[in-house]
Amino acid sequence: MDSRTNILINAAQGRIENVEKREPNYALRYSQQISLVLDFLLQKNDISILESVEYRGVDFLDWAIIKKNELWTIEDIVIHQLIRPVSDNSIYKRIIWNFIRSKLTSYSELIEEEFNKYLNFFKKQGFKDTDICQILFSNGNHSVLFYFQDRIKQLSLYGKYLLEQLKTTKTEESQQLLEIVFQNAFGGYRNLKSHILDFLFTYHQEALENQYVKFMYRMDSVYDNSISAYLPCKKLDIENILYLIDKNAVNFEQDVVEVMKDIHTEPYNRFSVYIKMDEYIPNKYNDKIEQFINEYYTQQCIAEGQVYSSYLIESYANGQPSSVAIAKWLLKKDENTAKERIRNYLEVSDFFYPEFPRFLSEHFGSDSLEFLVIALTKNPKYLKKNFHDVVFSLIDQYNFSSIAPKIWEYAIHNATKNTRNLAASTLAKLGDESFETAKNFLQAKTADTRIVAALVLSKLKTEDAERVLNAVLEVEKNDDTRDVILEALEETLFANPLSLTQAKTIIQNASKRGKLSKFSEKWIDESQLPPIYWKNNQGTFSKEEVRFLFYRMPRGKGLNSDIELRQLLPLIDRNQSGGFAKALLKAFADSGSNSKFKYYLTTGGMLGGDEALTTLKGIFKYNMDEKRYKMAEYAIDAMMQVGTNKALRSIEVISRKYVSKRPTVSDRAIKALDAAALELNITTDELADRIIPNFEFEGLFKSFEVDGDEYRAFVNSDFTLCYFDEDNKMRKSLPKSASSDLKKEFKEIEKEIRDVIKTQSGRLEKYMIEERQWSIGQWQAAFLESPIMFVYAMKLLWGIFNKEKEFKEVFYCQEDTSLLNLDDDEIEFEEGDYISILHPIYLTQEQIKAWQSKVYELSILPVFSQLERKTFTPSTDELELSYTRIFQNQDIPKGADYASSTIEKYGWIKSTGDGGHLELIKKHQTASIQANAEIEGVYAWYQGGNAKATVNNISFRGKSWNDTLSLKDIPPVFFSEVLFDIYRLINAV
């Protein structure tokens, strides 16, 4: 049996088994379809057998011919019979067209000999030049005409061939070819239109005669509320207009002007055209440009009456924000006048993008400081989040002493909490100059002034600054100012744990500042509060000491408790103070989970331990059910404050469970785990390993005695507790004479095991997808020394990689903890090796089959699919791209609503984009990579179950949209899993 036959038979069997398992009601019908296609592929029957084949069979044929096109040559009878002209309603049309596209187009350079061979073959099969042209252009792929080599646009082989046909023949067919080109240019693919214009203008201008105007606009639609329907309309095709102006402004000037008269044109597009014209026909359109600038100053850059979500949108002109384009044009005309006009624009404008101050800094250098300090005063609510970060970073480049007073003024009177902090960091860079100012301002009457002064001193980090802050710590009555001082002095003040005497001194000082004179908690009766106990039998808290807790509780920030409260916690006896913790949590519940009292949650968690965890989990669930997601996040914060392994395990489950359903909640859980891991100086993944309970087992066993006989408890392969007696005979229950305490202990262990294993399969599958690496020592500690995780070690296959991240071999784990390879030889590790959960992408088909036999022989029941997963790798011509078109133009048979609901189950995040279209994202958490699936037709709302969904590109990037990555740099398992998810959507029935 040759390798192709082997691959096809295995693939067919795999699909039949999958159908039998997942869709038993249709198994016979679908299996017959697949078998018919297999018979054709193996040439047991000719193509006529396919006449009765339906979707499942077509899908298998598509996989065999398109996904595995390397198996076939044009000499194969299968290809001769299949690749031929068919009617438009043929179910094989898509396969045939995709095969032709795969052979004649590429995003990189094709081999000319191969191209000519396939072109001639398709013609012999009955495809005319016009057929081929229509097939290649029909999916909007610009690689039909061009490819990029070292970022330089090159004419493709088909582009050269088409050009030859258009130029050298004046036949009816050549005219038909040109008509097909124009039909596709003026169709729905805007990107293709600009490439066709570039192709014809550069290589065959005579074909464009009388066609230029059509390239200057595009057909679109606009919604008419009066009739509740979309109506066709023309819109300016600005990219093509600017292209033509660059080519010959004088020649195309009149056409462009006429088109803009006839078509409604947005002001910023008119501006783009006029400033582009001005490059070639200077000063002719000055009035038009000035008109736009004046309107922009007085209308478009004013916030009043504008609708926005996170920030106001600035229009673009010629690929840059309009503010930058205006400044450039003004400076080109008259630099002196331009400076004054730019200053006026800055003063009256409510918003602009950070590119504008960045341009001013690049153009004017240190002279831009007068502009940058004005930019600081803009209201952040209208601006991009990074606006003030950019402006302060620009100021920091220069000697900004001359504008320091204005920065102080801004920080004190106009800054938000965040921008005030940025201003303080900048001012601190002036060193002694700012020290003297801050020292004086620390005595000011207004709290805002003192806060800024304290912030600047805190960022100076000098002994003199600390001395000044220390002097006012216990007399400063404004808590915001004092908290800044506390943060600055934390390392010095609390380098060592507090004694009880020191703690009581802190409380007394708070009393002297007048902070403990009254109790004003709405939901708590002070007289009914259970006591709080000091450790070591040092008594209970006094009334003032209790009030100190309530005074400091709300001062905590984010995931952290208040600085001073944090110092007191180690002195509190948590075992005796559980009643107080319960009272706090009850008060929070009584308040209706009021966010104003979220600090009851965190403090209740700190003092309540695992007893508080059940209540906190209930509060979390209640708020998730009520869609009060922010309050659910506060409940996560409180669980973190509990701090036990059980609490952290609950948070870890939340971090994975809600990654798709509610990403902000998942992110909060991840941050909580990150904070806990940071304190232990380990990674979050290592923390997840560490919080698996071992129940005081010694390795894999827990020894105990009953009636003088010794027994050993262990976790069996079905995750139940079993026991060995002294003769190593296994029993499934404790001896009847075991004490009630012992029975209770093991009952609790069994209960916790059931709780733990609910989430481990998902965690481990995530680690496989993200290719988590364990050092040999880490893996042994996590799996061979953990009674629960050892069972998982036996249920999975594992891969060994060397320090260069090269795959070495596979092993499995036996009950005696020996680690064996396929031949049952013990494996040996080398220095620098690490272990990952095996993904089949690292194995050949022969190896997969061998290991499948081994798993069957050993009766291993995997906790999730490993060897059966379908794998994908980027094609050679896509390695330098940031996207793949492997599923380009493939429909999802079950439709848009199915795609929307199902992809979330695969760990994808949905967010609403323009017009309600869903943006679909899958994140690789540890590598900071994300995949974006472009599926046309999927919207945020339910569409009745029958809306069409078509897959386009699947792209990859880093954290930001600008951080594009080549497919060759994407971790192979993550790439494969992303495509596997889309594949499952396409192949669902």
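Residue positions are given per chain, counted from 1 along the sequence in the order it is written. Side-chain atom pairs in this predicted model are given and counted only at pLDDT of 80 or more, local residue features only at pLDDT of at least 70, and totals for whole chains, interfaces and linings cover all residues. Side-chain numbers come from the whole structure's heavy atoms, not from hydrogens or water.

Identification of the chain as DUF4132 domain-containing protein from Runella defluvii is taken from an unreviewed UniProt entry.

What should I look at first to understand the overall build of the chain in this one?
Each helix is a run of H or I in the DSSP string that is no shorter than four residues. Each strand is a run of E no shorter than two, and both are numbered from the N terminus. Regarding its fold elements, the chain presents 40 helices and 21 strands. Taken over the C-alpha atoms alone, the chain extends approximately 105 × 90 × 60 Å along its principal axes. By residue count, 51% of the 989 residues in the chain fall in the buried class. Two residues qualify as a contact provided that any one of their heavy atoms is within 4.5 Å of a heavy atom in the partner residue. Put simply, 64% of the contacts in the chain that link residues at least 6 apart link residues at least 24 apart. Here the accessible surface of atoms and residues is derived via Shrake-Rupley with a 1.4 Å probe, and residues count as covered only by protein chains that are part of the display. Here the chain displays about 48,400 Å² of accessible surface, and carbon together with sulfur accounts for 46% of that area. Charged residues are defined here as Lys and Arg on the positive side and Asp and Glu on the negative side; His and the ends of the chain fall outside this count. For this purpose, a charge sits on NZ of Lys, CZ of Arg, CG of Asp or CD of Glu. Taking the average location of the 124 positive side-chain charges in the chain and that of its 144 negative ones, the two points are 5 Å from each other. Relative accessibility thresholds used throughout: buried, under 20% of the residue-type maximum; exposed, over 50%; partly exposed, between the two (1.4 Å probe, protein chains only).

Looking at this model, I keep getting lost on the nonpolar core. Mind explaining?
For soluble globular proteins, the rule of thumb is that nonpolar side chains tend to be buried together. Working definition of a nonpolar core: buried Ala, Val, Leu, Ile, Met, Phe, Trp, Tyr and Cys residues. They are joined through side-chain atoms within 4.5 Å. Of all hydrophobic cores here, the largest spans 237 residues; its most connected members are L41 and I65. If one sorts the elements of this core by residue count, helix α30 (residues 598-625) sits on top with 11 residues. In contact with I65, not counting residues within four places along its chain, are L41, W72, V78, I79, L82, I95 and F99. Among the nonpolar cores identified, the runner-up in size contains 80 residues, and I692, Y723, I769 and W774 belong to it.

What am I meant to see in a nonpolar patch on the surface here?
A surface patch of nonpolar side chains, about 230 Å² in accessible area, is lined by V222, I227 and L231. Tracing the backbone shows L231 in strand β4 (residues 229-236). Take L231: its relative accessible area is 32%, and that puts it in the partly exposed class. Exposure above 30% relative accessible area and the lack of any salt bridge qualify a residue for a patch; like charges then connect within 9 Å, and the nonpolar side chains Val, Leu, Ile, Met, Phe, Trp and Tyr within 5 Å. For this document, the term salt bridge refers to a Lys or Arg side-chain nitrogen within 4 Å of an Asp or Glu carboxyl oxygen.

Please explain the sheet that holds strand β11 (residues 774-775) as it appears in this structure.
The pairing of strands in a sheet comes from backbone hydrogen bonds and takes either a parallel or an antiparallel form. Two strands form a pair only when DSSP identifies at least two bridges running between them. With antiparallel pairing, 5 strands are arranged side by side in an open sheet as β11-β15-β12-β13-β14. If you trace the sheet from one side to the other, it starts and ends with β11 and β14 (819-820), each paired once. Sheet topology places β11 next to strand β15 (residues 834-837); 2 bridges connect them, and they run antiparallel. Each residue of the ladder has a partner; that of S775, found in β15, is Y834.

Looking at this structure, I do not really get the side chain of T602. What am I missing?
By the element assignment, T602 lies in helix α30. Ignoring any residue separated from it by four or fewer positions in sequence, one finds T602 in contact with D637, A638 and Q641.

Looking at this structure, how should I read the pattern of salt bridges?
Note on pairing: side chains with opposite charge can pair once their charged atoms come close. Counted according to the given criterion, the structure contains 57 salt bridges. For E476, the salt bridge is made with R450, and the minimal N-O distance between the two is 2.9 Å. Residue E476 is located in the loop between α24 (463-472) and α25 (479-493), and its partner R450 is located in helix α23 (residues 447-460); the two are separated by 26 residues in the primary sequence. Like R450, E476 is buried. With its nearest N and O atoms 3.5 Å apart, the salt bridge here joins E564 to R552. Highlighted residues: E564 in helix α28 (residues 563-568) and R552 in helix α27 (residues 543-552), separated in sequence by 12 residues. Under the relative-accessibility criterion, E564 is labelled buried at 2%. Judged by its relative accessible area of 0%, R552 is buried. Members of the salt-bridge network, linked through shared partners, are E474, D480, R482, D483, R513, R552, R555, D562 and E564.

Explain a negative patch on the surface here, please?
A contiguous patch of negative charge on the surface is contributed by E705, D707, D709, E710, E726 and D727. Among the structural elements, D709 can be located in strand β8 (residues 709-715).

Help me out: how do you make sense of the UniProt feature "domain: DUF4132" (unreviewed entry) in the chain in this one?
If you check UniProt for "domain: DUF4132" (unreviewed entry), the listed places come out as residues 729-896 in our numbering. As annotated, residues 729-896 comprises 37% helix and 15% strand, and the C-alpha atoms at either end are separated by 57 Å. UniProt positions are given in the numbering used here, feature names are shortened, and annotations may be inferred rather than shown by experiment.

I'm lost on the packing of helix α8 (residues 157-168) against helix α9 (residues 172-185) in this one. Help?
Any two packed helices are characterised by the angle at which their axes cross and by the distance between the axes. An axis is simply a line fitted to the C-alpha atoms; with a helix, the fit covers only the stretch in contact. Between two such axes, the angle follows the N-to-C directions and lies from 0 to 180 degrees. It is at 8 Å that the axes of α8 and α9 come closest, and there the two elements cross at 130 degrees. In terms of axis orientation, α8 runs oblique to α9. Remark: the crossing between α8 and α9 carries left-handed chirality. Of the residues in α9, those in contact with L162, Q165 and L166 of α8 are S174, L177, L178 and V181. Each residue receives one of three labels: charged for Asp, Glu, Lys and Arg, nonpolar for Ala, Val, Leu, Ile, Met, Phe, Trp, Tyr, Cys and Pro, and polar for the others, Gly being one of them. When its residues are assigned to classes, the contact of α8 with α9 shows 5 nonpolar, 2 polar and no charged. Each angle gets one of four labels, with under 35 degrees taken as roughly parallel, over 145 as roughly antiparallel, 65 to 115 as roughly perpendicular, and the rest as oblique. Rotating anticlockwise by less than a right angle from the far helix to the near helix defines a left-handed crossing, while the corresponding clockwise rotation defines a right-handed one.

Just checking my understanding: could you explain helix α16 (residues 335-348) for this structure?
Residues three or four positions apart in an α-helix share a direction because the helix packs 3.6 residues into each turn. Residue count minus one, scaled by 1.5 Å, sets the expected span of a helix. Counted at 1.5 Å a residue, the expected span for α16 with its 14 residues is 20 Å, and the 20 Å between its end C-alpha atoms agrees. Looking at the buried positions of α16, the neighbouring elements they touch are α14 (286-300), α15 (322-333), α17 (355-364) and α18 (369-376). The N-terminus of α16 is capped by D334, whose side-chain oxygen sits 3.2 Å from the backbone nitrogen of N336. Two N or O atoms count as a polar contact when they lie within 3.5 Å, although within protein this holds only if one can serve as hydrogen donor and the other as acceptor, and sequence-adjacent residues are included solely when both atoms are side-chain atoms.

Got a minute to help me understand the environment of F704 in this structure?
Assignment of secondary structure puts F704 in strand β7 (residues 702-706). It is 30 Å that separates the C-alpha atoms of F704 and L796, two residues lying 92 residues apart in sequence. Contact partners of F704, with chain neighbours within four places excluded, come to D709, E710, Y711, R712, A713, Y723, L734, L742 and F746.

I'm lost on the packing of α16 against α18 in this one. Help?
For the pair α16 and α18, interaxial distance at closest approach is 9 Å and the crossing angle is 15 degrees. Of the possible angle classes, the one that applies to α16 and α18 is roughly parallel. Every pair of crossing elements has a handedness; the one defined by α16 and α18 is left-handed. Only E370, F371, I374 and A375 of α18 make contact with α16, whose side of the interface consists of K339, I342, R343, L346 and E347. Classifying every residue of the contact of α16 with α18 gives 5 nonpolar, no polar and 4 charged.

Explain the packing of aromatic side chains here, please?
Pairing of aromatic rings covers Phe, Tyr and the six-membered ring of Trp, with a centre-to-centre limit of 6.5 Å; geometry is then stacked below 30 degrees between planes, edge-to-face above 60, and tilted otherwise. Within the structure shown, the criterion is met by 62 aromatic pairs. Ring centres 5.4 Å apart and planes at 80 degrees place the aromatic pair W774 and F783 in the edge-to-face group. Pairwise contacts between aromatic rings join F271, F292, Y296, Y297, Y345, F352, F356 and F387 into one cluster. In this scheme, the term charge over a ring applies when either NZ of a lysine or CZ of an arginine sits within 6 Å of the ring centre and within 35 degrees of the ring normal. Just above the ring of F146 sits the side chain of K153; from NZ or CZ to the centre is 4.3 Å.

What am I meant to see in the pairing of strand β13 (residues 807-813) here?
Residues in a regular strand project their side chains so that they alternate between the two faces of the sheet. The pairing of strand β12 (residues 798-801) with β13 spans 4 bridges and is antiparallel. Paired with F801 across the strands is F807, a residue of β13. Where β12 hands over to β13, the hairpin turn is made up of 5 residues, of which K805 adopts a positive phi near 65 degrees. Across 2 bridges, β13 lies against β14 in antiparallel orientation. Note on β14: the bridge partner recorded for C813 is L819. Connecting β13 to the next strand, β14, in antiparallel fashion are 5 residues, including T817 with a positive phi near 70 degrees.

Can you walk me through the side chain of D562 in this structure?
Note on placement: D562 falls in the loop between α27 and α28. Among the residues examined, D562 registers a relative accessible area of 4% and is labelled buried.

For this particular structure, what's the right way to read a positive patch on the surface?
Taken together, K617, K646, K747, K751, R754 and K758 make up a surface patch of like positive charges. Examining the composition of the positive patch, we find that 4 residues originate from one element, helix α35 (residues 740-769), more than from any other. Tracing the backbone shows K751 in helix α35. On the accessibility criterion, K751 (53% relative accessible area) is exposed.

Sorry if this is basic, but what is going on with unusual backbone geometry here?
A negative phi angle characterises most non-glycine residues, just as the trans form characterises most peptide bonds. In the Ramachandran plot, N210 falls in the positive-phi region, its phi being about 70 degrees despite a non-glycine side chain. Position of N210 relative to the elements: it lies in the loop between α10 (190-203) and α11 (212-215). Phi is positive for E771, which is not a glycine, with a value near 55 degrees. Tracing the chain through its elements places E771 in the loop between α35 and β11. On the accessibility criterion, E771 (18% relative accessible area) is buried.

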